[in-house]
Each structure stands twice: as C-alpha cells, then as structure tokens.
Amino acid sequence: MNDQSKIAASVPAAAPFHEPGVMVIRNVNWAGTRALYAKEVRRFMKVQLQTIWAPAVTTLMFLVIFTLALGGAGRQVLGVPFADFIAPGLIIMGMMNNAFANSSFSLLAGKMQGTLVDYLMPPLSSSELLLALVGAAVTRAFAVGLALWCAMALWPGVHVTPAHPWAILWFGLMGAGLTAFIGVLTSIWADKFDHAAAITNFVIGPMTLLSGTFYSIDRLAPVFRAISHANPFFYAISGFRYGFVAATDGDVVVGSIVLLALNIGLGLLCYALLKKGWKLKA
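In this text the structure is predicted, and so the values were computed from the model without any measurement. (Residues numbered from 1 in each chain as written. Predicted model: local features only at pLDDT ≥ 70, side-chain atom pairs only at ≥ 80, totals over all residues. Heavy atoms only, no water.)

A few points about the overall build of the protein
Piece 1. Within the protein, the regular secondary structure consists of 12 helices and 2 strands.
Piece 2. Taken from N to C terminus, the helices and strands of the protein fall in the order α-α-α-β-β-α-α-α-α-α-α-α-α-α.
Piece 3. In the protein, which comprises 282 residues, the proportion classed as buried is 44%.
Piece 4. Across the protein, contacts joining residues at least 24 apart in sequence account for 81% of those joining residues at least 6 apart. (Helix = DSSP H or I, 4+ residues; strand = E, 2+ residues; numbered from the N terminus. Buried < 20%, exposed > 50% of the residue type's maximum accessible area, 1.4 Å probe, protein only. Contact = heavy atoms within 4.5 Å.)

Side note on the packing of helix α4 (residues 82–103) against helix α9 (residues 193–209)
Piece 1. Packing of α4 against α9 brings their axes to within 11 Å, and their N-to-C directions diverge by 160 degrees. If you check the angle between α4 and α9, you find them roughly antiparallel. In terms of crossing hand, the pair formed by α4 and α9 is right-handed. Between α4, through Met-93, Asn-97 and Phe-100, and α9, the contact on the second element is made entirely by Ala-196, Ile-199, Thr-200, Ile-204, Thr-208 and Leu-209.
Piece 2. Grouping the constituent residues of the contact of α4 with α9 by class yields 6 nonpolar, 3 polar and no charged. (Axes fitted to C-alpha atoms, helices over the stretch in contact; angles between N-to-C directions. Parallel < 35°, antiparallel > 145°, perpendicular 65-115°, else oblique. Left-handed = near helix turned anticlockwise from the far one by under 90°. Nonpolar A, V, L, I, M, F, W, Y, C, P; charged D, E, K, R; others polar.)

Concerning the side chain of Thr-179
Piece 1. Structurally, Thr-179 can be placed in helix α8 (residues 165–189).
Piece 2. Here Met-96 takes part through its backbone oxygen, which lies 2.9 Å from a polar atom of the side chain of Thr-179.
Piece 3. Here Thr-179 is in contact with Met-96, Ala-99, Phe-100, Ser-103 and Phe-233, once residues within four sequence places are set aside. (Polar contact = N/O pair within 3.5 Å; in protein donor to acceptor, adjacent residues only side chain to side chain.)

Focus: the packing of aromatic side chains
Piece 1. Enumeration according to the criterion identifies 7 aromatic pairs in this entry.
Piece 2. A centroid spacing of 6.3 Å and a plane angle of 25 degrees characterise the contact between Phe-62 and Phe-66, whose relative ring orientation is stacked. With a gap of 4 residues between them, Phe-62 and Phe-66 both fall in helix α3 (residues 48–70), about one helical turn apart.
Piece 3. Judged by relative accessible area, which is 24%, Phe-66 ranks as partly exposed.
Piece 4. Here the aromatic rings of Phe-62 and Phe-214 are separated by 6.1 Å at their centres, their planes lie at 40 degrees, and the arrangement is tilted. Residue Phe-62 is found in helix α3, and its partner Phe-214 is found in the loop between α9 and α10 (222–229); the two are separated by 152 residues along the sequence. (Phe/Tyr/Trp six-rings, centres within 6.5 Å; stacked < 30°, edge-to-face > 60°.)

Points about the environment of Ala-190
Piece 1. Structurally, Ala-190 is set in the loop between α8 and α9.
Piece 2. Ala-190 sits in the buried class, given a relative accessible area of 0%.
Piece 3. For the pair Ala-190 and Ser-104, spaced 86 residues apart in sequence, the C-alpha to C-alpha distance is 9.0 Å.
Piece 4. With near-sequence residues (within four places) excluded, Ala-190 lies in contact with Leu-108, Lys-111, His-195 and Ala-196.

Section: α9
Piece 1. Taking 1.5 Å per residue, 17 residues should reach 24 Å; α9 reaches 22 Å between its end C-alpha atoms and fits that length.
Piece 2. Buried within α9 we find Ala-196, Ile-199, Ile-204 and Thr-208.
Piece 3. In this structure, the buried side of α9 is in contact with α4, α5 (106–113), α8 and α11 (232–245). (Expected span 1.5 Å × (residues − 1).)

Written as structure tokens, this is what we have:
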C-alpha cells in the first residue's frame, strides 16, 4: 500500500447526512421563514399594479368622491377639515383590506391548485409558517398605505402630516395584523374562492365601512354608538387617525389593549389550527 492509500484509509469518510436524532435546525428556522416570506412578497410584487397601485387608486377615489359630496362649505369633524378627517381612515382601510386579501390567498390557492404540500412539507413549524404568511400580508398592507399616503400628501386640500408617528405605526401594525390573522383563518376554513369572497363581502367590507371611516361615532344614536364600540375595526381606524390629526372619538389606550388582545387571540387560534392540520392535512 502506497503512502497516498494509507492517508486516504486513515481519514474517515464524511457522512452525507447527519446522524439520526441529531438536531440540524435549532430553535427557529430563520432561513426557511425568510425564504417563505420572500416568496410571498415576490408573489404580490410581481403583479403590483393589481395588488398595490390599483387598491391605492380605488381608495383615493373614495377621498375625491366623499370630499366633493360631503366636504363642502368648510365642514369640519372633530375640529379638523372633513378631508383631513377621512384621509387617515381611508389609508388604514386600504391597508386592512389588502392584508386580508394577501393572507387569505396563499393556503386557499394551494388547496385549489394542489400545491398545498409546498407549504406543509418544508421543515417549518406552525409558528414559522404563520409568521411568514402574516409578515408578508402586513408588508403588503404597509406598501399600500405608503402609496396612499404619498398620493394624499400631493392631493390639494388634504393634509396628512403625521402628528404622532408612534400611533400610526402601532395602529397600522395592529389593524393590518388583525385582518391578516382573519385571512389566515379564512384560508384554512375555505374550500373554494367563493368562501373567501363571502368573508370579504359580508364581514371585512361592512366592518371596515361601518367603523367610523367617513363619520364620527359621537353623532350616532347611543345604540349605534355601542355597536361601533363593539367593532374592533373602529379602534384601528380611530387610533390611526389620531396619529395624523391628534383627535379621536375613542380611547387610544383602550383601543391599543383591545387590538393587542385580539391579535394575540387570533394568532393563537391560527397556530392551533395549523398545528392540528384542520382542513389542511388528510
């Protein structure tokens, strides 16, 4: 045996795989979570005319129509011009609607197209899968919100200069997270796109429009004011508006607590259903 053969024989062959029972991914699979998050972001960015700019233009039309129809004669609400009052509500409304649209699509599309295994098979835990889906939905929400804010900042007669940036970020995050979790629940429950459309039309749409976006709830009858306070979307819109005009028709602290509790509760529910595999695994 020559010297080279002796050296080769003395070096143990490198095992192509880890030994059974050896943990490869410790704690959190950040690489896998980032990959799924990037995949979800690229999905809506490839069609950004449909997913970002079209919703921004549609929401901007609400501002134009309602300002022309109801904002004449120097009308003021909560001590600010009507256009300044509804602009923040329209921004957060567009953010919440698009967060729901994004998170309700992924798993449902996987069911319809037979690609659900692409979400369930990778080495991602239920929490990591949920984090990537909700994170991408919130990213789309803030992209739409930024586009709307830029458009409204350039629109004559509308002032959207931030008064409390922390409130804008906090309530924007809480509102987008709320509808993102609802979207994940919808995609788990739904068996076809009609089911998701029903939630959009009969739950998300009415709760968004009837949450004080276009009016102050102080002018409502006591019964309807109580119903508005039971609507969690009201707290997101009211708190987000406070970040711009420093005026609100609700309690900012109470709204923060309610939204945080709802996000935690919905997040735990989504995690439990994903872990159980309800309507996802055979």
